[in-house]
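Breakdown of the fold
If you want the building blocks of each chain, they are given just below.
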Amino acid sequence: KQWYQRRVAITAGILQRSFKVVTEPPNGLKLNLRQTYVKIPSTTLQDCTHDAFPQLLFVLSFFHAVVQERRKYGKIGWNIPYDFNESDLRVCMELMKTYLDKSMGVDGKIPWSSLKYLIGEVMYGGRAIDDFDRRIIRTYMDEYMGDFIFDSFQPFFFYKDKDVAYDIPKETHRDKFLEYIEALPLANTPCVFGLHSNAEIGYFTNAAKDMCSYMIELQPQTSGAEGGISREQYIEKVATEIEEKLPDLFELDRIRRQLGDITPTAVVLLQELERFNNLIAKMKISVATLQRALAGEVGMSAELDEIAKALFNGQIPGSWRRLSPDTLKNLGNWIAHFERRFEQYSTWIEKGEPSVLWLSGLHIPESYLTALVQATCRKNGWPLDKSTLYTTVTQHTKAADVREKLHSGCYIEGLYLEGGSWDVENACLRKSKPKILVEELPILKVIPIEAHRLKLQNTFKTPVYTTSERRNAMGVGLVFEADLSTTEHSSHWVLQGVALMLNAD
């Protein structure tokens, strides 16, 4: 026991004085492929008895490089950044070699289904905890693996344009593969990974946003220069402007009596108003107490100091953010969003359920969609667990264009499309316009329907997220799935990272 205690103490001391060394994958497709083949022993390509092993190993290496490079483009690449590493590649190499050797003893045919499952679902897909990320991996498997890659009449290319062509070398020796890799361009566009060229603009935009946020955090938190407004005066001015915009609390008891019969959507409204009241009350108390603290009437607590710092930096205070829907907006845009939420709630109370709902104005938007399904199931006697939502994009671009309310379902406005664009004339998805990263979708019609009656063709199941942060590791952020019409194969939109959002940044 004493020896164990001494050993633990020594180990802890060594760890405290140690540095963590992490091997990051190289930046760029060419460097990633080069690193893979440099570490492969020269005899590896001859160890397998199947003739297709050298080419399939290159396909696997290319796939490994692609899934690592998608991390660079943030949420449009992966909802959750995964640490695909060299061990995944090594294990898949051994699996591929084993299955190809076994196939030589039978009929020599490549067991595509087994390889795609083991590589895409077990090894790489096993790391992906998000369903839509796994869909991307499965799509790469379908695009990169199959007898078509050996078709001599229609040569296979991972990607091809007027400047470069990524194909599979017909070599059998490692050094020849390295020569091919060295001839590849050092820089590559996002199109090689199936993304749109706009993804590069998004990458640099996010990098610039991060830099600006760091600069804001590092700016002096002291009073201004002589002759200018001081920090305290600026914070007091912002707090006063916010206080003037805060409405009175909703009278929930009166509203409950006014609604009469409590329908599922009315329950959602009452729950939303209760949450909105909590936010208003918190903001009123915070602003009033902060003003007193700036005047020296009360002490400045840690919470008040955090609120003052946020107001000075144009950010949303953490205590307010915790009581409001997820957002990436700055303080000014968030206040405008707050006022629009109040207007929608007031209109809903006075004039009834809106014919066109601004879904991002709800604290928990998925609750309203669930209430729609519940109300329709009660009306038609459908089983709740066998009902779903049918969505279609209308020709209306403004809420004022909608003349009448749906008998069952609702119209939704304020959805933003990322990774693609919408062709209003042909009512289908199209490739993104150059330099336009996000565009507003026309009004979406949502109708509850029995699942067995829903037969869709030429549509792409598109996730709808709360913000451009999409879904996090805890699965928070996904609202529902919309079916968008398309003339392209769904794999095209999967790799493009197409998604809908309730809020623009």
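Reference entry: report on the structure contained in this document. (Residues numbered from 1 in each chain as written. Predicted model: local features only at pLDDT ≥ 70, side-chain atom pairs only at ≥ 80, totals over all residues. Heavy atoms only, no water.)

**Re the pattern of salt bridges**
Our working rule: Salt bridges are counted wherever a side-chain nitrogen of Lys or Arg sits within 4 Å of a carboxyl oxygen of Asp or Glu. Secondary structure elements are defined from DSSP: runs of H or I of at least 4 residues count as helices, runs of E of at least 2 residues count as strands, and each element is numbered from the N terminus. Burial classes: relative accessible area under 20% of the type maximum marks a residue as buried, over 50% as exposed, and values in between as partly exposed (1.4 Å probe, protein chains only).
All chains considered together, the criterion is met by 25 salt bridges. Where Arg 90 meets Glu 86, a salt bridge forms, and the shortest distance between an N and an O atom there is 3.1 Å. Of this pair, Arg 90 and Glu 86 both sit in helix α5 (residues 86-104), four residues apart, which is roughly one turn of that helix. Looking at Arg 90, the relative accessible area reads 23%, which means it is partly exposed. By relative accessible area, Glu 86 is classed as partly exposed at 34%.

**Concerning the sheet that holds strand β9 (residues 438-440)**
We apply this condition: In this description, strands pair whenever DSSP reports at least two bridges between them. Axis angles are defined between N-to-C directions and span 0 to 180 degrees, where every axis is a line fitted to C-alpha atoms and, for a helix, only to the segment in contact. In this description, contact between two residues means that some pair of their heavy atoms is separated by no more than 4.5 Å.
With respect to topology, five strands assemble into an open sheet ordered β9-β6-β13-β11-β12, the strand pairing being mixed. Two strands close off the open sheet at either side, each with one partner strand: β9 and β12 (478-485). Each adjacent strand pair in this sheet contributes to an overall mean axis angle of 30 degrees, direction not counted. Relative to strand β13 (residues 499-501), strand β6 (residues 416-418) runs antiparallel, the two being bridged by three bridges. For Tyr 416, the partnering residue across the bridge sits in β13 and is Met 501. Relative to strand β11 (residues 459-465), helix α7 (residues 131-144) is tilted by about 145 degrees, and along the sheet it contacts β11 and β12.

**With respect to the packing of aromatic side chains**
Condition: A pair of Phe, Tyr and Trp rings is counted when the ring centres sit within 6.5 Å of each other, with Trp represented by its six-membered ring. The angle between the planes then sorts it: under 30 degrees is stacked, over 60 is edge-to-face, the rest tilted. Only lysine NZ and arginine CZ atoms are considered, and such an atom sits over a ring when it is within 6 Å of the ring centre and within 35 degrees of the ring normal.
This structure, assessed with the given rule, holds 32 aromatic pairs. A centroid spacing of 6.4 Å and a plane angle of 40 degrees characterise the contact between Phe 58 and Phe 62, whose relative ring orientation is tilted. Linking Phe 58 with Phe 62, this pair stays in helix α4 (residues 53-69), spanning four residues, or about one helical turn. Pair check on accessibility: Phe 58 and Phe 62 agree, each one buried. Arg 70 extends its terminal NZ or CZ atom over the ring of Trp 78, reaching a point 5.7 Å from the ring centre. Positioned above the aromatic ring of Phe 312 is the side chain of Arg 231, whose terminal nitrogen or guanidinium carbon lies 5.3 Å from the ring centre.

**Overview of the packing of helix α10 (residues 231-245) against helix α12 (residues 264-294)**
What counts, and what does not: An angle below 35 degrees is read as roughly parallel, one above 145 as roughly antiparallel, one from 65 to 115 as roughly perpendicular, and any other as oblique. By convention the crossing between two helices is left-handed if the near helix lies anticlockwise of the far one by an angle smaller than a right angle, and right-handed if it lies clockwise.
The geometry of α10 relative to α12 is characterised by a closest axis approach of 10 Å and an angle of 150 degrees between their N-to-C directions. Comparing their axes, α12 and α10 come out roughly antiparallel. Note that α10 runs across α12; the crossing there is left-handed. Here Glu 232, Ile 235, Glu 236, Ala 239, Thr 240, Ile 242 and Glu 243 of α10 come into contact with α12, specifically with Met 283, Val 287, Ala 288, Leu 290, Gln 291 and Leu 294.

**Considerations on α5**
In plain terms, the rule: Here a helix's expected span is defined as the number of its residues, less one, multiplied by 1.5 Å. Note: the arc covers the axis-to-C-beta directions of the helix.
With 19 residues, α5 ought to run about 27 Å at 1.5 Å a step, and its terminal C-alpha atoms sit 27 Å apart, in line with that. Of all the residues in α5, the buried ones are Asp 88, Leu 89, Cys 92, Met 93, Met 96, Leu 100 and Ser 103. For α5, the angular spread of the buried residues around the axis is 135 degrees, confining them to a single face. Structurally, α5 contributes buried residues whose contacts are with α2 (29-39), α3 (44-47), α4 and α6 (112-123).

**A word on the side chain of Thr 139**
Cut-off, in case you're wondering: Counting of polar contacts relies on pairs of N or O atoms within 3.5 Å, with two restrictions inside protein: one atom must be capable of donating a hydrogen and the other of accepting it, and residues adjacent in sequence are counted only when both atoms are side-chain atoms.
Within the secondary structure layout, Thr 139 lies in helix α7. Since its relative accessible area comes to 9%, Thr 139 is described here as buried. In this structure the side chain of Thr 139 is engaged in a polar contact, spanning 2.7 Å, whose partner is the backbone oxygen of Arg 135. Here Thr 139 is in contact with Ser 491, Val 494 and Leu 495, once residues within four sequence places are set aside.

**A closer look at the pairing of β11**
β11 sits mainly inside the fold: five of its seven residues count as buried. Relative to β12, β11 is paired through seven bridges, and the arrangement is antiparallel. Residue pairing for β12: Tyr 465 is matched across the bridge by Leu 478.

**Some remarks on the side chain of Thr 376**
Locating Thr 376 in the fold gives a position in helix α16 (residues 365-380). For Thr 376, a relative accessible area of 7% gives the class buried. The residues contacting Thr 376, other than those within four sequence positions of it, are Trp 382, Ser 408 and Pro 448.

**Remarks on the sheet that holds strand β5 (residues 410-413)**
Ordered by their spatial adjacency, four strands build an open sheet running β3-β5-β10-β4, and the pairing between neighbours is mixed. Since the sheet does not close on itself, it has two edges, and those belong to β3 (356-358) and β4 (387-393), each with one partner. Going across the sheet, the axis of each strand differs from the next one's by a mean of 35 degrees, ignoring polarity. Of the pairings in the sheet, the one linking β3 to β5 comprises three bridges and is parallel in character. If you follow Trp 358 over to β5, its bridge partner there is Glu 413.

**As for the environment of Thr 265**
Its place among the elements puts Thr 265 in helix α12. Residue classification places Thr 265 among the buried positions, given a relative accessible area of 9%. In sequence terms Thr 265 and Thr 289 are 24 residues apart; their C-alpha atoms lie 36 Å from each other. In this structure Thr 265 touches Trp 348, Glu 353, Tyr 368, Ala 371 and Leu 372, once residues within four positions along its chain are discounted. There is a polar contact of 3.2 Å between the side chain of Thr 265 and the side chain of Thr 263.

**So, the packing of α12 against helix α13 (residues 302-313)**
Applied cut-off: Residues are sorted three ways: Asp, Glu, Lys and Arg are charged, Ala, Val, Leu, Ile, Met, Phe, Trp, Tyr, Cys and Pro are nonpolar, and all the rest, Gly among them, are polar.
One can describe the packing of α12 onto α13 by two numbers: an axis separation of 10 Å at closest approach and a directional angle of 95 degrees. Overall, the two elements α12 and α13 adopt an arrangement that is roughly perpendicular. Along its contact with α12, which presents Lys 282, Ser 286, Thr 289, Leu 290 and Ala 293, the element α13 presents Glu 303, Leu 304, Ile 307, Ala 308 and Leu 311. For the contact of α12 with α13, the residue count by class is six nonpolar, two polar and two charged.

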